[in-house]
Amino acid sequence: MEVGSLPVELWRVILAYLPLPDLGRCCQVCRAWRELIFSLDNTRWRQLCLGCPECRHPNWPSQPHLEPPSWREALKQHALATRTWTRNGQELQSSACLLFFRRRKDRRVWHVGPGCEFETLRGALGVVGPYDRVVLHPGVYEEQAEVALKVPVELVGVGRLGEVALLVCIEQQCPTARLCNLVFMPPWFSTVVYKTSWGHVQLDNCNFEGAQLQIRGPGTCQARFCSFSQGSSAHLLGVVLSLLDSCDFSGSDTASVTVEGPPASERNWACKHLAALARSFPSQSSSTPRGHEGSSNDKPDPPGGNLQKENISMEDWKRRTGGDAVCRGTVIEDPWSDGEHSDGEEEDQEGTNTNKKLFTLDYKILYDHHGLSHLLKPRADGSLPLASSPNPPSVTPEPLTLQQELDRDPEAQMLASSILGCILRRCLFRDGKGGVHLSNYGQARLEENLFRSLNYAVRCIQHSTIVMLRNEVCECRASGVFLRLSAQGLIAENNIHSNGEAGLDIRKGANPIILCNKIHSGLRSGVVVLGNGKGSVRSNLIYNNKEAGVYILFSGNPVVSGNCIFQGQAAGIAINENGRGLITENVIRENQWGGVDIRRGGDPILKNNYICYGYSDGVVVGERGRGLIEGNHVYCNKGCGVWVMSSSLPQLLGNYIIHNCMYGLAVFCRKDPDNIEAREGNWPGQEGMGGDVANGERRGVVEGEAREGQENFNEEGELFAWESDLDSEDERHSARRSISVALMEGNCVSYNGAVGLYVKSSEALNVFANLMNRNCGPGVAVLQSTQLTRLVTNCIVENGRGGVTVEKDCRVELRGNGIYENSGHGVRFSGSGQIVENDVVSNCGYGIQVSASTDIKVVRNRVQPAQGCGIALLGPVKGVVHDNILFQGHPENKKPLLHTDAGNETCVLRNNSILRFNNSGASSPPWVLENPPPRPLASSPTGLSSSQYPSRLGISMTTRVGAAVESGCHSGSMFCSIL
């Protein structure tokens, strides 16, 4: 009969009455009939699939509301899976075809129940032959002793699930068996209801209530659509391969699934069939780029250098956070601002704009070929480098996809393809104590499972290996995934969220690979690495966690690379209590506290990260913090770019610290009674700031809450003596260069809302070869420095106030710097120290102003002011000024190039050269800076050794900042404390 002889709709009505065998026969008629049968997917095939007593909804138990892609395919997969137990290789040696028909002919069906052939299960099992079926009718079957299965057999319950209950303990002593549609409850003498140590058992649509399933290698198990409730669990000891598919685990008193011991060396016949089933599981790995929620980019990531457009523009961010108000407020009423002018300076400042216009290239000395000029000049394509660009970076790296990560990591690729141990897929773990527990070299693979409302989802210890792909872990009362004692594995493309403790807890030598996960909305941290924990945390989205996105402490030493860590309610990454780690190429943005917080012995390597758009400081180095901070982009943070405080010893090399609303780099001493307003959060100009950021009281509350709610790093509340697990101090730092002061070298500090470098410290500080330009305040302000602060070979140019400001009682050495075109004085110096071999050119105020100094040397400098004096000694100054060269600025400037107040007899002046314009009418001065060329020079100054860490900025000379500070209570940084 032709299909076209009737409407398709009518054919579908007719075919809806056909049973499954007849539908199969119709498919073999012709192609048209085959397509017609396939079109019944949402009608007849759906009815057949849901009506099968041996299976449930294809997406049960975690997503029963979702339709499968194909009901026919789901029924087919179920039919294939239910036949695994009959594929015993030892029974199919000669003629598989003949044996198949013989088995069907000889197979018998035995009925058990009231009024049937047998009333007890033991009686039926005593007479069954190989591959016979035992049908149990509704009722409760109890055995007072252990029952043995000695031949392959199939036990099937009749009726709805729950109508046939077994109170038995069955030991399988045969190669294979199948149990279907049964409820298992423990007998009085044992909690174990089924166990096998070498055969294969298949469980379809069974319930376990308060019972235990025990599989010991080389035995294997395949369980589908089974429920484990009321404290039931599955114990797999030394299994080579077992498959638990679409099972429901609830109400467990311990772990729902326990995998213990290494896989047995011996394999049974079912291993190859289970491996084939496991590999046939369709991969649903996402191929779309992994942006944060709401990303509009739907195209695949290009391999290699993934970049994404920044979702927040500078203007939008400032408008949303009140950033303009912060920038305007922090540059005015502070001691470093040139608000307290000397006598006669007021009129100079009033005429600044007019005289600056007059001071054109016809009169000023050219300096644009100094050693750092390549950081300011336009590139060959016409674009501006970051140091001179008025806009922050517009692109940031984007996390790689899982496939890109696997392509470049053979170890992760091997783990992703491994099929060994216990395989759990599409299972639901809920409302119990634990999900999956691995110990003693156990192995497991978890795919597309849901873990919800447990104490913990996964615990992997004692050299065990876990592979987790595309699972959801949520609402755990403790940590979601817990690894310790040298555990390892691959955790990829999981959604880990809303957990009571850390999303991932790694400790005691555990070393997992964590790729492309979403870790968010946790009540504490996203990822915690402590107690010598290691691991590789790459290309994850970590966001909206209540505490640090990544927390490293107690000698934790992970690799944290290529992640996007954003919108956290505390720090983006916190390194505490001797934590270490390599933190590289991450995007850390929009976090409420510091983007990166290092303190209490934390000693990480922080390289090539984008730390931006934070609501506090970009990088905070707190008390006893250490670390190498190199090549990072720190920009558009509402607080400071980098805040260094207390007795910390960081190394800052080659960073871009730009467009931050407050200081670019602040070095601050905690013991400072004069800074009580700053400690209370009352920053100068803060009345213009909006929200809680401006509220010092709120900041105290936040830190108090953090102290009260410290992360519970003890498993299940136990107390561990972490000191016994920690490496010695010598071992931890043996591979790192020992330093006595912090280092600042080759950084670009530009376009910040206040001072470029703010120093208020009682420790030594060395600042070499940095570029500080176009900050709203002075380039450098030293307000407190009882130890020597060295500023060597820096370029300080075009800042909104002066170039360098040094307050009273500070010890500072200025050597080999280029200080150009700042809007205030080039150098305003009130402390003691040296000003040696600097080029101070084209600044709008005085070139060098020295006042109230007790011991000062001004030697071999080249100075040309735009207006005002070249060198001015105001008040009683004790020191020497010699061998300086002073160039006249604009001809209309009537101020003396070298000025000394009357009565100043304690300062020695000698061998200073003053060069003025001649009266020949020539408009261009005959002066150039040569022998040496304009400072800073491109090579290391005499007496300074090159750093072993090359600068990303192309500066050949190394710089070191030393800033160790006294201990005490610091509150100067906005929300910078993690504990």
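These numbers were taken from a predicted model, which means no experiment stands behind them. (Residues numbered from 1 in each chain as written. Predicted model: local features only at pLDDT ≥ 70, side-chain atom pairs only at ≥ 80, totals over all residues. Heavy atoms only, no water.)

**Structural notes on the nonpolar core**
Here is step 1: Formed by 130 residues in total, the largest nonpolar core has its most connected members in Val134, Leu136, Leu155, Val257 and Leu757.
Here is step 2: No other element matches the five residues that strand 25 (residues 450-460) contributes to this core.
Here is step 3: Counting contributing residues per domain, this core is built from domain 2 (525-662) and domain 3 (740-915), each supplying no fewer than three.
Here is step 4: Beyond its immediate stretch of four places on either side in the chain, Leu155 contacts Leu121, Leu125, Val134, Leu136, Ile170, Arg178, Leu179, Cys180 and Leu182.
Here is step 5: Counting residues in hydrophobic clusters, the runner-up holds 28 residues, among them Ile365, Val797, Val841 and Trp927. (Core = buried A, V, L, I, M, F, W, Y, C linked by side-chain atoms within 4.5 Å. Buried < 20%, exposed > 50% of the residue type's maximum accessible area, 1.4 Å probe, protein only. Helix = DSSP H or I, 4+ residues; strand = E, 2+ residues; numbered from the N terminus. Domains from an automatic or database assignment. Contact = heavy atoms within 4.5 Å.)

**What about the pattern of salt bridges?**
Here is step 1: Tallied over the entire structure, the rule returns 32 salt bridges.
Here is step 2: Asp245 is the partner of Arg426 in a salt bridge, and the nearest nitrogen-oxygen pair spans 3.0 Å. Of this pair, Arg426 sits in the loop between strand 22 (421-425) and strand 23 (428-439) while Asp245 sits in strand 17 (residues 241-245), and the two are 181 residues apart along the sequence.
Here is step 3: Arg507 serves as the salt-bridge partner of Asp505, at 2.7 Å between the closest nitrogen and oxygen. Summarising the burial analysis for this pair, Asp505 and Arg507 share the class buried.
Here is step 4: Here the salt bridges share partners, and the residues they tie into one network are Arg133, Glu154, Arg178, Asp204 and Arg224. (Salt bridge = Lys/Arg side-chain N within 4 Å of Asp/Glu carboxyl O.)

**Notes on the confidence of the model for the protein**
Here is step 1: Here the protein averages 80 in pLDDT, while 76% of its residues score no lower than 70.
Here is step 2: Predicted confidence for residues 284-305 stays below pLDDT 50, and this span has 44 contacts to residues more than four positions away or in other chains.
Here is step 3: Counting contacts from residues 325-358, a segment whose pLDDT is below 50, to residues more than four positions away or on other chains yields 76 contacts. (pLDDT = per-residue confidence, 0-100.)

**Quick word on the packing of helix 2 (residues 20-27) against helix 3 (residues 31-38)**
Here is step 1: Orientation of helix 2 relative to helix 3, taken along the N-to-C sense of each, is 140 degrees, at an axis distance of 7 Å. With respect to helix 3, the axis of helix 2 lies oblique. In this structure, helix 2 uses Leu23, Cys26 and Cys27 to contact helix 3, whose residues at the interface are Trp33, Arg34, Ile37 and Phe38. (Axes fitted to C-alpha atoms, helices over the stretch in contact; angles between N-to-C directions. Parallel < 35°, antiparallel > 145°, perpendicular 65-115°, else oblique.)

**Observations regarding the packing of aromatic side chains**
Here is step 1: According to the stated counting rule, one finds 14 aromatic pairs in the structure shown.
Here is step 2: In this structure an aromatic cluster arises from ring pairing among Phe184, Phe208, Phe228, Phe249, Phe429 and Phe451. (Phe/Tyr/Trp six-rings, centres within 6.5 Å; stacked < 30°, edge-to-face > 60°.)

**Some points on the side chain of Asn563**
Here is step 1: Of note, Asn563 is situated in the loop between strand 38 (559-561) and strand 39 (564-566).
Here is step 2: Here Asn563 falls in the buried class, since its relative accessible area comes to 1%.
Here is step 3: Separated by 2.8 Å, the side chain of Asn563 and the backbone nitrogen of Asn540 make a polar contact. (Polar contact = N/O pair within 3.5 Å; in protein donor to acceptor, adjacent residues only side chain to side chain.)

**Describing the pairing of strand 66 (residues 839-843)**
Here is step 1: Across the five residues of strand 66, five count as buried, placing the element largely inside the fold.
Here is step 2: Sheet analysis places strand 63 (residues 818-820) next to strand 66, joined by three bridges and oriented parallel. When the sheet's bridge partners are listed, Tyr820 is paired in strand 66 with Val841.
Here is step 3: Examined bridge by bridge, strand 66 and strand 69 (residues 862-865) share four bridges and lie parallel to one another. Bridge pairing in strand 69 places Val841 opposite Gln864. (Pairing = 2+ DSSP bridges.)

**Quick notes on the pairing of strand 16 (residues 233-237)**
Here is step 1: Buried residues dominate strand 16, accounting for four of its five residues.
Here is step 2: Across five bridges, strand 13 (residues 212-216) lies against strand 16 in parallel orientation. When the sheet's bridge partners are listed, Ile215 is paired in strand 16 with Leu236.
Here is step 3: Of the pairings in the sheet, the one linking strand 16 to strand 19 (residues 255-260) comprises four bridges and is parallel in character. By the bridge assignment for strand 19, Ala234 is matched with Val257.

**Re empty space enclosed by the protein**
Here is step 1: Using the criterion set out here, one finds two cavities of 30 Å³ or more in the structure.
Here is step 2: One number sums up the size of the largest cavity: a volume of about 40 Å³.
Here is step 3: The wall of the largest cavity is formed by Ile496, His497, Ser498, Asn499, Gly503, Ile519, His520, Gly522, Ser525, Gly526 and Asn545.
Here is step 4: Within the residue set of the lining of the largest cavity, elements represented by two or more residues are strand 30 (495-497) and strand 33 (518-520).
Here is step 5: Split into classes, the residues belonging to the lining of the largest cavity amount to two nonpolar, nine polar and no charged. (1 Å grid on protein atoms, 1.4 Å probe; cavity = no way out; pocket = protein on both sides within 12 Å on 5 of 7 lines; lining within 4 Å. Points joined across faces, edges and corners; volume = space filled by probe spheres on them. Nonpolar A, V, L, I, M, F, W, Y, C, P; charged D, E, K, R; others polar.)

**Details of the environment of Leu490**
Here is step 1: Relative to the helices and strands, Leu490 is located in strand 29 (residues 488-492).
Here is step 2: The exposure class assigned to Leu490 is buried, which follows from its relative accessible area of 0%.
Here is step 3: Between the alpha carbons of Leu490 and Met468 there is a distance of 6.2 Å; along the sequence they are 22 residues apart.
Here is step 4: Apart from residues lying up to four places away in sequence, Leu490 is in contact with Ala412, Leu415, Ala416, Ile466, Val467, Met468, Leu469, Ile513 and Leu515.

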